Amino acid sequence: MLCMIPLTLPSPARGEGKIRSRRMDPKKRSMDPAVQEMLRQIAEAGIETAWDRLEAQEPSCGFGQLGLCCRVCNMGPCRIDPFGEGPQRGVCGADADTIIARNFLRAVAAGASAHSDHGRGVAHTFLAMARGEAPDYGIKDRKKLLALAKEWGIKTEGREDKAVAEELGELAVAEFGKPHGTQRMANRAPPPRKAIWERLGILPRAIDQEVVEALHRTTMGVDQDYRNILRHASRCSLADGWGGSMIATELQDIMFGTPQPTRGEINLGVLKADEVNLVVHGHEPLLSEMVALASSMPELLSEAKKAGAKGITVAGICCTANELLVRHGIPVAGNFLSQEAAIATGAVDLMCVDVQCIMQGLAELVKCFHTKLVTTSEKARIEGVEHVAMEEARALEVGKAIVRKAIESFKNRRGPVHIPKDKGEAVVGFSHEAINYMLGGRFRASYRPLNDNIINGRIRGVAGVVGCTNPKMTQDLSHTTLVRELIKRDVLVVTTGCAQIACGKQGLLTPEAAELAGPGLREVCETVGIPPVLAVGSCVDNSRVLVACAEMVREGGLGEDLSDLPVAGACLEHITEKAISIGQYFVASGVLVVFAKKLFPVMPGSKVAKYLLEEIAEEVGGKWAVEDDPVKAADLICAHIEAKRDALGINRERERKLYGMEDRQKLQV
Ligand code: BF8
Ligand code: SF4
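What counts, and at which threshold
- Residues numbered from 1 in each chain as written.
- Chains lettered and ligands numbered in written order.
- Predicted model: local features only at pLDDT ≥ 70, side-chain atom pairs only at ≥ 80, totals over all residues.
- Heavy atoms only, no water.
- Buried < 20%, exposed > 50% of the residue type's maximum accessible area, 1.4 Å probe, protein only.
- Helix = DSSP H or I, 4+ residues; strand = E, 2+ residues; numbered from the N terminus.
- Pairing = 2+ DSSP bridges.
- Right-handed = clockwise from strand over helix to strand, strands pointing away.
- Phe/Tyr/Trp six-rings, centres within 6.5 Å; stacked < 30°, edge-to-face > 60°.
- Lys NZ or Arg CZ within 6 Å of the ring centre and 35° of its normal.
- Near = heavy atom within 4 Å.
- Polar contact = N/O pair within 3.5 Å; in protein donor to acceptor, adjacent residues only side chain to side chain.
- Nonpolar A, V, L, I, M, F, W, Y, C, P; charged D, E, K, R; others polar.

## Describing the pairing of strand 5 (residues 312–317)
Most of strand 5 is tucked away, with six of its six residues classed as buried. Along strand 5, one buried face is formed by I312, V314 and G316 and the opposite face, lined by T313, A315 and I317, is buried too. Note that strand 4 (residues 276–282) and strand 5 share six bridges and pair parallel. Note on strand 5: the bridge partner recorded for N277 is T313. Both strand 5 and strand 6 (residues 332–334) contribute to a ladder of two bridges, which runs parallel. Its bridge partner being in strand 6, G316 is matched across the sheet by V332. The parallel pair strand 5 and strand 6 is bridged by helix 14 (residues 318–328), and the resulting crossover is right-handed.

## Some remarks on the packing of aromatic side chains
One pass over the structure, following the stated rule, counts nine aromatic pairs. Taking 6.4 Å as the distance between ring centres and 70° as the angle between the ring planes, the aromatic pair formed by F595 and F600 counts as edge-to-face. Comparing F595 with F600 shows no difference in burial state: the two are buried. In this structure an aromatic cluster arises from ring pairing among F104, F595, F600 and W624. Here R79 stacks its cationic end above the ring of F63, 5.1 Å away from the centre of that ring.

## Examining the site of ligand 1
Neighbouring residues of ligand 1: H283, C318, C319, F336, C357, G467, C468, C498, C539, T576 and K578. H283 is positioned with one of its side-chain polar atoms (N or O) 2.6 Å from an oxygen atom of ligand 1. The separation between an oxygen atom of ligand 1 and a polar side-chain atom of K578 is 3.2 Å. Residues of the shell around ligand 1, tallied by class, amount to seven nonpolar, three polar and one charged.

As structure tokens, then:
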């Protein structure tokens, strides 16, 4: 029996959870054998998980799922009958499309806020570092500092690095709330793309302004033209992708190092029975970098040994994990749906969380184990959970205090732990710079060889497979099925977020996975020594994918704009509003984006659906597509990629080759 302390959840939910857990086949809940193993343990102990809570919520509200529920004012809540029999307008007169579009824009605004507030936090710490007010942080990638400074018109010659960084930090902080002008990072987009944004009036201004305007427009009685509302969704999301997220990525690289290919291990098997296990969970690397640093300090290692542990293992969950993995090869315990399973191993001595994707259910769950849960961000506290405030002026000290708490907690272990053996090897850290270098040949880093291999057809195109793991789907199944299909068809995959962790668990992030790729992609991977699935980082690192796409255009031979490229994106297990923002900024950047049909919060057949799935392409070149089946999603992506190749005129070579042997033999007959 795992659970030593009675849960405080209402008994019906708990009791039902227990019965359901026993009934529900763990294989339907997750394809990850480690999570399946833990789900069996959890069911035995009668502990509830996100899957049980989902079942308790079912059937999910159909109005909400289709975006038809409006609660923006107190004449409502109002809902539109999707079958046309009940009310077709809210009290204010809003119709279905206005309501769906408003909900969609609000999701984008919330998602953009999450990424961008993370970015703002990084920018503030960066500025404090430059001013000497955050002494534990420094400049790890000087080259990137100087390159970004130059890009932003900051004088670098004859100046101290810290002076350059201070000016850069001030400009970065200003990107969030400057009264005039547009996002500096948007200048990285190819000129025709920027021209489209300018023409449509969606070139993003200050990030805060786009979010505030989104909330204003969607209050009762303001914007009532779904197209106009959704154009602002584009603008707001662009402030995320080409603004807040990109700033987060760039400044984190300067402070913590730009990822380079490095080895790592992924899944619950990274936890160690005889070591202090400290799990960092959330999204911001600011504190977890310090925790990781502290865990390797001799004084703390000797304290751990005195407590009877062989060492200290720091492992990550969610995007904090991805940040540490791609920069330092620090192991990953799991993705979003693994967070409860990690605690249920009984081997996690402390879980330290920052912001985003942290289940409140953890606070109850840890009561069943010795695990100590600690919140660290003023923005994200949990009732009843100890708070250790992150302070940038004494960050390493805070990191050390957290490691000491983990060591203390290790002493309270209550008997045998249950750690699944599963873990996947991975080679990760394919930043734009690393791709440039790896694929760029021996003499000069460039995207030329990547472009050439796309043009010659060995690589058909590039697809981003990104995002969450949703308990409404079997964990990891859609992501990894899609990835396997794509690489089999010679499509190079780049991945971020929980999808990246899903791929890592299954060994898809190794060079050996090239065996699963089609002959063209395999040849390229084996020649260069890269995996067919490139791990790019966290969800804010989707900005790296934008930069890589812009670089492919700049390199030449694949068109003039991002929308000309044979590329696409997919997120088939999405949960968060952040994923909607990411999807929208890729669409507005000219890319096809595929989401699961059953998770897409837009009523099929509505005008909003028609706009997002079709008409928007006439404006921005990109569009959404919806598909639940990952194999069919691969079909969609490949058809799109081939259509782009046709338009570029680079499929001619292949057609001539196809005409070769067989047709000649026929002619001879
Ligand atoms: O930002 S992929 S579940 S962890 S939201 Fe959350 Fe989704 Fe995972 Fe990272 Ni991204
Ligand atoms: Fe209802 Fe209109 Fe108020 Fe929404 S804004 S809750 S549709 S009255």
